[in-house]
Amino acid sequence: MSGRSSPYEGLPASAFWRSGVVGQDPAAIAGLYRKKFEIARTTQVATAGSCFAQHIARNLTARGFCVLDMEPAPPGLSEESAARFGFGLFSARYANIYTARQLRQVVEEARGRFAVAEPIWERDGRYFDAMRPSVEPGGLPTPDLVRDHRDYHLKRVQLLLQKAELFVFTLGLTETWMHTETGTVYPTAPGTIAGRHDPGVYSFKNFTAQDVYDDLRAFFALAREFNPKMRFLLTVSPVPLTATASGEHVLSATVYSKSVLRAVAGQLYHEDPDVDYFPSYEIITGALARGAYFEDNLRSVSADGVAAAMSNFFAEHDPGGTPKAEPAVKPQPRRARKKTKEDIVCEDILLEAFSE
Amino acid sequence: MTRICVIGDSHVGAMARGWKKIAQSFPDTEIVFFAAGAATMAGLAVAGDALVAESEELRQALTRLGRPTRIGNDFHGFILCSMGFHSKSAIWLGTTHRGEDFAADARAPISNACFAAAIADAQKQTLLHATLLKVRRVSAAPLLIVATPFRSVNAEGIGGRGFDPPRDDRPLAALYRRACNSIARQFDAEFLPQPDETLGDNVMTTRCAFASEVGPRSNPDGPREDNVHMNAAYGAVVLEYALETLAADHPGMSCARRSSQDVAAAALAR
């Protein structure tokens, strides 16, 4: 008679810390991520979320995946300027969406079921969209123009949701600032970029796991109203909080935020066959990285960190593929170009002028 | 004597022709035109304290045109003309995006700051911008930027060549000027807007009277209208404006227009 067998016997190497983590290559951690569904190059992908989501969008585009951009940068604008004005970062010009509640809000608003409280903030006589105050860093001259810009943006978000087959969302934070009376949440604290912090109007909110779960479930349902076959890919941003208003130490507050987000993403992954979870958070912050994937400020993710995360991702979704390394915003044709018939005519014009 | 160097492409032709008409009113000014076809001008390079025709193609073109092949740093001022620095990017942008003062329609709304940044970024990709960098490496002299003239509007121009200036011409022109000014400032230069008297009713166009004709050398079938290049009258207006601007902004430069009496007196004195 054989001895008592342990339930851990026969499990794959990935189930054990020593074989699954120690000595693994962070850019290719065996068994860490197994895709739940295919992402084809023809799959129309929408992206949103906090800063880290920008890396995912950029890398998908570089690999030739179809990342939607419903508010493309104005022609001529350089990549640097485009980013300054909120273009080319996500699939619409909604800027960073840090919380699940904010994502839910923008989709409800696009659906006509939500009205933002205090939607326009002012600073030095200029007016800002409270839901994305960073996209026009100098603001606009009138509140009407802010409304006009927002109406256009919401129409583009509607179109995005109609087209998207996969929505990639990077969860960033649980902390937010809320319009106390109505529950409207904002991406930045009033008074930071514009507006004025009035404790009688705005209050701090730190979402619970239940809040985040409910908001994401509501978002899934809303998005499926636009496209019933929509699938979702969740990630958790590894970027720590810049600051906390929770009263906790910022390190504890960060771990609380990320733990809540990670737990909810995991729960939804297990509950819904059309929700996948990609562990970029684990790759960047895990012990295997030994902190090397953060810049000196211990906050920004290094290029190596992004590369390691994306390498794990593409090992499943694009094995053998290589990035085309194409810039997000194509530069205008310039300078040294081939001599054309037009150039010859131009020189003739000069010949005539100088020979008269 | 104030020595001015005009560097540019085929649009310098109108200025050279115009200069012949007005030179006598500027007896204290000498203008050296350094120009070739736009693609060829990319062969201009910095060599020590001068700009030289580095490419064989540019050397040959300048020789054919009877132009010098070297620009020293002894000029009192520079005028950089055209070389891709035109309003086309602004006009294209105006078909897809609208600034703050534009008509509210289906175009994507953006701030004036964003609109001007897009125009400026496009202008930074031009040969004129590259040439600005080169000139500033050899000289800190006063420098004017003269853009490619707006297209002259005529029947062929609007329908035949796909040129369709948007109806928001005035706010668009203001943003275009703002963008060009921002580039000029980066080089301690000045952007010279197209003189008002040359503009059409749509201020992103040039009056037909200033349109050039493509001469028989380029067009064996005979002259035809050219709504891209302008004529000697246009060149004279622009050069006058440029020289007066330089004289006004730099009192040490003796390039101001002189009256016919002054010119006659100076001639007699010589």
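Structure first, text after, so check above.
For clarity, every value in this text was computed on a predicted model and none was experimentally measured.

Cut-off values and rules
- Think of each chain on its own: its residues are numbered from 1, step by step along the sequence as written.
- Key to labels: chains lettered from A, ligands numbered from 1, both in the order written.
- Given that the model is predicted, a residue must reach a pLDDT of at least 70 before its local features are reported, and side-chain atom pairs must reach 80 or more before they are shown or counted; all residues, however, enter totals for whole chains, interfaces and linings.
- Secondary structure elements are taken from DSSP: a helix is a run of H or I of four residues or more, a strand is a run of E of two residues or more, and numbering for both begins at the N terminus.
- Here exposure depends only on C-beta density: within 10 Å of a residue's C-beta, 20 or more other C-beta atoms make it buried, 12 or fewer make it exposed, and intermediate numbers make it partly exposed, the C-beta atoms being placed from the backbone.
- In this description, a residue-residue contact is defined by the distance between C-beta atoms placed from the backbone, which must lie within 7 Å.
- All residues other than Ala, Val, Leu, Ile, Met, Phe, Trp, Tyr, Cys, Pro, Asp, Glu, Lys and Arg, Gly among them, are scored as polar; the first ten of these are nonpolar and the last four charged.
- Pairing between two strands requires that DSSP report at least two bridges joining them.
- Think of each axis as a best-fit line through the C-alpha atoms, taken over the contacting stretch in the case of a helix, with angles from 0 to 180 degrees between the N-to-C directions.
- By our criterion, buried Ala, Val, Leu, Ile, Met, Phe, Trp, Tyr and Cys residues that link up through C-beta atoms within 7 Å make up a nonpolar core.
- To estimate how far a helix should reach, multiply one less than its number of residues by 1.5 Å.

J.: Give me the lowdown on the overall build of chain B, citing residues and values where you can.
T.: Each helix and strand in chain B was counted, giving 10 helices and 12 strands. Put simply, chain B has 270 residues, and 50% of those count as buried. Excluding contacts between residues fewer than 6 apart, the proportion of contacts in chain B whose partners are at least 24 apart in sequence is 74%.

J.: Requested: an account of the interface of chain A and chain B, with residues and values cited.
T.: Contact residues are listed per partner, giving 36 residues for chain A and 44 residues for chain B. Considering each element in turn, the side of chain A that touches chain B owes the most residues, 11 residues, to helix H10 (residues 341-355) of chain A. Classifying every residue of the side of chain A that touches chain B by side-chain character gives 17 nonpolar, 6 polar and 13 charged.

J.: Quick rundown of the sheet that holds strand S5 (residues 166-171) of chain A? Include the residues and the values.
T.: Residues and elements named next belong to chain A. Overall, parallel pairing links the 5 strands, which are arranged S2-S1-S5-S9-S10 in an open sheet. In this open sheet, the two edge strands, each paired with only one partner strand, are strand S2 (66-67) and strand S10 (275-277). With respect to the sheet, helix H2 (residues 51-62) is in contact with strand S1 (44-49), S2, S5 and strand S9 (231-236), its orientation differing from that of S1 by roughly 160°.

J.: Describe the pairing of strand S3 (residues 44-47) of chain B, listing the residues and the values that go with them.
T.: Residue and element names in this part refer to chain B. Relative to strand S4 (residues 50-53), S3 runs antiparallel, the two sharing 4 bridges. Residue pairing in the sheet places leucine 44 in a bridge with alanine 53 of S4. Hairpin geometry of S3 and S4 is characterised by an intervening segment of 2 residues between the two adjacent antiparallel strands and by a positive phi of about 65° at glycine 48.

J.: Explain the environment of lysine 20 of chain B to me, and be specific about the residues and the numbers.
T.: Residue and element names in this part refer to chain B. Mapped onto the elements, lysine 20 comes out in helix H1 (residues 12-22). You can call lysine 20 partly exposed: it has 13 C-beta atoms within 10 Å. Along the sequence, lysine 20 and glycine 235 sit 215 residues apart, while their C-alpha atoms lie 9.7 Å from each other.

J.: Now, about the nonpolar core: what can you tell me, with residues and values included?
T.: Residue and element names in this part refer to chain B. In terms of nonpolar packing, the biggest core is built from 176 residues, with Val6, Leu80, Ile119, Ile145 and Val146 touching the most fellow members. The element contributing the most residues to this core is helix H9 (residues 232-249), with 10 residues. Excluding residues within four positions of it along the chain, isoleucine 145 makes contact with Leu80, Phe85, Leu128, Cys180, Ala184, Ala189, Phe191 and Leu192.

J.: Now, about helix H9 (residues 303-317) of chain A: what can you tell me, with residues and values included?
T.: Residues and elements named next belong to chain A. With 15 residues, H9 ought to run about 21 Å at 1.5 Å a step, and its terminal C-alpha atoms sit 20 Å apart, in line with that. Considered for burial, the residues of H9 that qualify are Gly305, Val306, Ala308, Ala309, Met310, Asn312, Phe313 and His317. Where the residues of H9 are buried, they touch H2 and helix H8 (280-285).

J.: Which residues make up the sheet that holds strand S10 (residues 190-192) of chain B, and what are the values?
T.: Strands in a sheet are paired, the pairing made by backbone hydrogen bonds, and the direction either parallel or antiparallel. Residue and element names in this part refer to chain B. Spatial strand order, S2-S1-S6-S9-S10: 5 strands in an open sheet with parallel pairing. What marks the edges here is a single partner per strand, and that holds for strand S2 (29-35) and S10. In this sheet, neighbouring strand axes are inclined to one another by 25° on average, regardless of whether the strands run parallel or antiparallel. For strand S6 (residues 77-81) and strand S9 (residues 143-146), the ladder comprises 4 bridges, and the chain directions are parallel. Pairing of cysteine 81 across the sheet is with valine 146, part of S9. Contacting strand S1 (2-8), S6 and S9, helix H6 (residues 127-138) runs over the sheet at an angle of about 165° to S6.

J.: Account for unusual backbone geometry, with residues named and values stated.
T.: For glutamate 118 of chain A, which is not glycine, the phi torsion reads 45° and is therefore positive. Among the secondary structure elements, glutamate 118 of chain A is positioned in the loop between helix H4 (100-110) and strand S3 (120-123). In this structure glutamate 118 of chain A comes out as partly exposed when scored by C-beta crowding, with 16 C-beta atoms within 10 Å. Non-glycine residue aspartate 188 of chain B carries a positive phi angle of around 50°.

J.: Can you lay out H4 of chain A for me, pointing to particular residues and giving the numbers?
T.: Residues and elements named next belong to chain A. Counting buried residues in H4 gives 10 out of 11 residues, a clear majority hidden from the surface. Within the span of H4, buried status applies to Ala100, Arg101, Gln102, Leu103, Arg104, Gln105, Val106, Val107, Glu109 and Ala110. Check the buried side of H4 and you find it contacts S1, helix H5 (143-163), S5, strand S6 (175-179), strand S7 (185-186) and helix H6 (209-226). Phi turns positive, to about 80°, at glycine 112, one or two residues after H4.

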